[in-house]
Amino acid sequence: MGVTVFTDEVTGPIPAARIFKAILDSHNLLPKLIPDKIKSIEVHGNGGPGSIKQINFAEDAPFKFAKHRFDVLDEENFLCKYTLIEGGIIGDKIEKVVETVKFEDSPNGGSICRITSEFHTVGDFQLKEEDVKIGKEMALKTSKVVEAYLLKNLNAYA
């Protein structure tokens, strides 16, 4: 097994506390904002560490579902760490994906999101950045939809 790590930094117009609250409520928010991509999100547990979120994708998606286990949830420091444990890209080449997401306020009133993705591969499979390009693009598009919603609905997650 090997581990390939990618890091990203994304800036946005929403303050860290507000965007983090929206992320915590993603199981309610995302199926409403992008029903053509996400059919539903089920939460098994209390939403904290150890809980499982299962994302059920729309019929035309490349995957039927993805299950994430929350490992760390630090609401005070706007940090969460979760592991993709089933569905999605998990299979004969990828064993699991561990994501750490940390939001910080930026000087311009928005936020900076730092993401570390650890892809745990099976055997001697070597993952390249272009292999995860589609997933990164989908995540960025989703974050832009959430930002647009929050900019339009100023009282949401305030």
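In the block above lies the structure referred to throughout.
Bear in mind that the values here come from a model prediction, so they are computed numbers and not experimental data.

Draft legend 1. Representation of the pairing of strand β7 (residues 111-121) in the model. Most of β7 is tucked away, with 8 of its 11 residues classed as buried. By the bridge criterion, 11 bridges tie strand β1 (residues 2-12) to β7 in an arrangement that is antiparallel. When the bridges of β7 are listed, Thr11 appears paired with Ile112. Of the strand pairs in this sheet, strand β6 (residues 94-105) and β7 are connected by 11 bridges, and their pairing is antiparallel. Following the sheet pairing, Asp105 is matched in β7 by Ser111. Remark: 5 residues form the turn of the hairpin made by β6 and β7, two consecutive strands paired antiparallel; Gly109 in that turn has positive phi of roughly 95°.

Draft legend 2. Local environment of the packing of helix α2 (residues 26-33) against helix α3 (residues 133-152). Here α2 crosses α3 at 95°, and the two axes come no closer than 11 Å. Looking at the two axes, α2 sits roughly perpendicular to α3. Each of Leu29, Leu30 and Leu33 in α2 lies in contact with α3, whose residues at this interface are Thr142, Val145, Val146 and Tyr149. Grouping the amino acids of the contact of α2 with α3 by side-chain chemistry returns 6 nonpolar, 1 polar and no charged.

Draft legend 3. Summary view of the pattern of salt bridges. Counting across every chain of the model gives 9 salt bridges. The salt bridge involving Glu59 is made with Lys39; its shortest N-O contact spans 3.0 Å. Linking Glu59 in the loop between β3 (52-57) and β4 (65-74) with Lys39 in strand β2 (residues 38-44), this pair joins segments that are 20 residues apart in sequence. Since its relative accessible area comes to 51%, Lys39 is described here as exposed.

Draft legend 4. Broad picture of the sheet that holds β7. In spatial order, the strands read β1-β7-β6-β5-β4-β3-β2; together these 7 strands make up an open sheet with antiparallel pairing. Every interior strand has two partners, whereas the edge strands, β1 and β2, have only one. Here the strands of the sheet are splayed against their neighbours by 20° on average, with no regard to which way each runs. Across the sheet, helix α1 (residues 16-24) touches β3, β4, β5 (79-87), β6 and β7, and the angle it forms with β6 is around 145°. Packing against the sheet, α2 makes contact with β2 and β3, and its axis sits at approximately 170° to β2.

Draft legend 5. Layout of the packing of aromatic side chains. Applying the stated criterion across every chain, the model contains 4 aromatic pairs. A ring pair is formed by Phe6 and Phe119, whose centres lie 5.7 Å apart and whose planes are at 75°; its orientation type is edge-to-face. With Phe6 in strand β1 and Phe119 in strand β7, the pair connects residues that are 113 residues apart, well separated along the chain. Relative accessible area serves as the criterion here: at 9%, Phe6 is assigned to the buried category. Aromatic ring contacts, followed pair by pair, group Phe20, Phe78 and Phe103 into a single cluster.

Draft legend 6. Molecular detail of the side chain of Thr83. In this structure, Thr83 sits in strand β5. Judged by relative accessible area, which is 2%, Thr83 ranks as buried. Within the structure, Thr83 has its side chain in polar contact with the side chain of Asp71 (distance 2.5 Å). The residues touching Thr83, leaving out its near neighbours within four places in the chain, are Lys67, His68, Arg69, Asp71, Lys96, Val97 and Val98.

Draft legend 7. Summary view of the side chain of Gln54. Structurally, Gln54 can be placed in strand β3. Within the structure, the side chain of Gln54 is placed 2.7 Å from the side chain of Asn56, a separation counted as a polar contact.

Conventions and cut-offs
- Residues numbered from 1 in each chain as written.
- Predicted model: local features only at pLDDT ≥ 70, side-chain atom pairs only at ≥ 80, totals over all residues.
- Heavy atoms only, no water.
- Buried < 20%, exposed > 50% of the residue type's maximum accessible area, 1.4 Å probe, protein only.
- Helix = DSSP H or I, 4+ residues; strand = E, 2+ residues; numbered from the N terminus.
- Pairing = 2+ DSSP bridges.
- Axes fitted to C-alpha atoms, helices over the stretch in contact; angles between N-to-C directions.
- Parallel < 35°, antiparallel > 145°, perpendicular 65-115°, else oblique.
- Contact = heavy atoms within 4.5 Å.
- Nonpolar A, V, L, I, M, F, W, Y, C, P; charged D, E, K, R; others polar.
- Salt bridge = Lys/Arg side-chain N within 4 Å of Asp/Glu carboxyl O.
- Phe/Tyr/Trp six-rings, centres within 6.5 Å; stacked < 30°, edge-to-face > 60°.
- Polar contact = N/O pair within 3.5 Å; in protein donor to acceptor, adjacent residues only side chain to side chain.

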